[in-house]
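Coordinates in review
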Amino acid sequence: MEPGLYLVATPIGNLRDITLRALDVLTAADLVLAEDTRVTAKLLSAYGLKAKLERCDDHAAARAAELAVERLKDGAVVALVSDAGTPMVSDPGFVVARAAIAGGLPVHPIPGPSSLLAALCIAGLPADRVLFAGFLPPKSGARRTALEELRPGRQTLVFFESGPRLADSLADMAAVLGPRPAAVARELTKLYEECVRGSLPELAADPRCQSPKGEIVIVVGPGEAEIASAADADAALAEALTRLPPGEAAAEVSKALDLPRKPLYRRALELQGR
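Bear in mind that the values here come from a model prediction, so they are computed numbers and not experimental data. (Residues numbered from 1 in each chain as written. Predicted model: local features only at pLDDT ≥ 70, side-chain atom pairs only at ≥ 80, totals over all residues. Heavy atoms only, no water.)

**Quick notes on the overall build of the protein chain**
- Along its length, the protein chain carries 11 helices and 10 strands.
- Here the C-alpha atoms of the protein chain give a radius of gyration of 24 Å, more than 25% beyond the 19 Å that 2.2 N^0.38 yields for 274 residues.
- Across its three principal axes, the protein chain shows a C-alpha extent of roughly 80 × 50 × 30 Å.
- Buried positions account for 45% of the 274 residues belonging to the protein chain.
- When contacts within the protein chain are restricted to residue pairs at least 6 apart in sequence, long-range pairs at least 24 apart make up 70% of them.
- When the accessible surface of the protein chain is summed, it comes to about 14400 Å², and 54% of that surface belongs to carbon and sulfur atoms.
- Treating the 31 positive side-chain charges of the protein chain as one cloud and the 35 negative ones as another, the clouds have centres 1 Å apart. (Helix = DSSP H or I, 4+ residues; strand = E, 2+ residues; numbered from the N terminus. Rg over C-alpha atoms; globule rule 2.2 N^0.38 Å. Buried < 20%, exposed > 50% of the residue type's maximum accessible area, 1.4 Å probe, protein only. Contact = heavy atoms within 4.5 Å. Areas by Shrake-Rupley, 256 points an atom, 1.4 Å probe, with all protein chains shown as cover. Lys, Arg positive; Asp, Glu negative; His and termini not counted. Charge placed at Lys NZ, Arg CZ, Asp CG, Glu CD.)

Listed below in C-alpha cells is the structure:
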C-alpha cells in the first residue's frame, strides 16, 4: 500500500458494514489515529487486527497532526478513523487532514458508512440539494439564531443531535422553520433502528422524540418559496440600478427573486424617470 494518510469510514452500528478496502488499510497501517482508542480497539479486535493506536480527539488533535505529518514524511501508512462513520464530518480529524494537505502529503478517502447519508436515504425527503448543519448550539437562544440563518434556504437540512436535547431542538425548529416535513433517524443500522416522520411540530410533541437513546440525525425538508413583494422588487431594482443599466438590472433581480423580467424592466425605467 502506498504511503499516505487514509481517512477510513467505519461502521455506525452494524460491524458488518465495514468495507473490504477499509480492512485492507487498517491491516497495513503503521499507525491508526482514533477519536476513542477503546472504541477502535473493539472494532479491530472483531476482525482479528492489531495496530498501533494513538488518540485523536478534540484535546489531542494538534498533537496527533504533528505525529501524523512526521510519520507520513517517513513514508508511513497512517489511518484516521472516528468513533463511527466517515471521518471529517463533525470530527476532530479535520486538524490532521488539514496539516497533511498543507504539507503536500498524500491524503486518500476510504468511503463507507455515514449516518448523514443513511438518514437521507430513509427520510423520504428531497435529497438533490442538501445542507449539512452539524450540531446546533445547546442553548435555545443561540439555537434559534442559527436556525434563522438557515431559514431562507431552499434545500433539505440535516442536523446531528443528542437524545436529551432532541425535543427542545425540534420545538425550536418548529418555531423558526414552521411546519416543514421532517424525519428523526435513530440508532441507524443497529437492532433498534427507528425513523420517525412527520411535521416539525408533530415530531416535537411525539413521545418517541422525548429524550431517546442513541445517535440521532434530524432531516428537515425545504421550506416553501416566498413570493417577493413589490417593495422587495423595488428595493432590489434600486440597488441594482446603481451598478447596472435597466436591462441588466432587471435580469439580475429577475433571477434573484424569481420574478418575470419584462415587468421588472418597465419598473426599472419608471424608477429612472423614463
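**Some thoughts on the packing of helix 10 (residues 246-257) against helix 11 (residues 261-271)**
- Here helix 10 crosses helix 11 at 135 degrees, and the two axes come no closer than 8 Å. As summarised for this structure, helix 10 and helix 11 are arranged oblique, according to the angle between their axes. In this structure, helix 10 meets helix 11 at a crossing whose hand is right-handed. For the pair helix 10 and helix 11, contact is made by Pro-246, Gly-247, Ala-250, Ala-251, Val-253 and Ser-254 and by Arg-261, Leu-264, Tyr-265, Ala-268 and Leu-269, respectively. (Axes fitted to C-alpha atoms, helices over the stretch in contact; angles between N-to-C directions. Parallel < 35°, antiparallel > 145°, perpendicular 65-115°, else oblique. Left-handed = near helix turned anticlockwise from the far one by under 90°.)

**Quick notes on unusual backbone geometry**
- Positioned with a positive phi, Met-88 is a non-glycine residue whose angle comes to about 85 degrees.
- Positionally, Met-88 belongs in the loop between strand 4 (77-81) and helix 4 (94-102).

**Some remarks on the sheet that holds strand 2 (residues 31-34)**
- Sheet architecture is open: 5 strands sit in the order 3-2-4-1-5, paired in parallel fashion. Strands at the two margins of the open sheet, each flanked by one partner only, are strand 3 (53-55) and strand 5 (107-110). When strand polarity is set aside, the average angle formed by the axes of neighbouring strands in this sheet is 25 degrees.
- Judged from the 3 bridges that link them, strand 2 and strand 3 form a sheet pairing that is parallel. Its bridge partner lying in strand 3, Ala-34 is registered against Arg-55.
- Most of the contacts of helix 2 (residues 37-46) go to strand 3, to which it runs at about 155 degrees, and overall it touches strand 2, strand 3 and strand 4. (Pairing = 2+ DSSP bridges.)

**Here's the deal with the packing of aromatic side chains**
- One pass over the structure, following the stated rule, counts 2 aromatic pairs.
- Measuring from centroid to centroid gives 4.9 Å for Phe-132 and Phe-160, while their planes differ by 65 degrees, and the two rings are edge-to-face. With Phe-132 in strand 6 (residues 130-135) and Phe-160 in strand 7 (residues 156-161), the pair connects residues that are 28 residues apart, well separated along the chain.
- The class for Phe-132 is partly exposed, based on a relative accessible area of 29%.
- Judged by centre distance (5.7 Å) and plane angle (65 degrees), the rings of Phe-135 and Phe-160 are edge-to-face. Of this pair, Phe-135 sits in strand 6 while Phe-160 is found in strand 7, placing the two residues 25 residues apart along the sequence.
- The class of Phe-160 is buried, set by a relative accessible area of 11%. (Phe/Tyr/Trp six-rings, centres within 6.5 Å; stacked < 30°, edge-to-face > 60°.)

**A closer look at the pairing of strand 7**
- In terms of burial, strand 7 is a largely internal element, 6 of the 6 residues being buried.
- Because side chains alternate across strand 7, one face comprises the buried residues Thr-156, Val-158 and Phe-160, and the other comprises Leu-157, Phe-159 and Glu-161, equally buried.
- Looking at chain direction, strand 6 and strand 7 are connected through 5 bridges and run parallel. Looking at strand 7, one finds that Val-130 is bridged to Thr-156.
- Bridge count between strand 7 and strand 10 (residues 216-220): 5 bridges; the pairing is antiparallel.

**A look at helix 6 (residues 140-150)**
- Burial in helix 6 covers these residues: Arg-143, Ala-146, Leu-147 and Leu-150. All buried residues of helix 6 lie within an arc of 100 degrees about the axis, which places them on one face of the element.
- Against strand 6, strand 7 and helix 7 (166-177) lie the buried residues of helix 6. (Arc of directions from axis to C-beta.)

**Thoughts on the sheet that holds strand 8 (residues 181-186)**
- One open sheet holds the 5 strands; their spatial order is 6-7-10-8-9, and the pairing between them is mixed. Looking at the sheet topology across the chains shown, the edges are occupied by strand 6 and strand 9 (194-199). Taking each pair of neighbouring strands and ignoring which way they run, the sheet shows an average axis angle of 15 degrees.
- On the sheet, helix 7 packs against strand 7, strand 8 and strand 10 and is oriented at approximately 10 degrees with respect to strand 10.

**Focus: the pattern of salt bridges**
- Enumeration according to the criterion identifies 15 salt bridges in this entry.
- Measuring nitrogen to oxygen at the nearest pair gives 3.0 Å for the salt bridge that ties Glu-270 to Arg-267. Of this pair, Glu-270 and Arg-267 both sit in helix 11, 3 residues apart, roughly one helical turn.
- Under the relative-accessibility criterion, Glu-270 is labelled partly exposed at 48%.
- When salt bridges with common partners are traced through the structure, they connect Lys-52, Glu-54 and Arg-63 into a single cluster. (Salt bridge = Lys/Arg side-chain N within 4 Å of Asp/Glu carboxyl O.)

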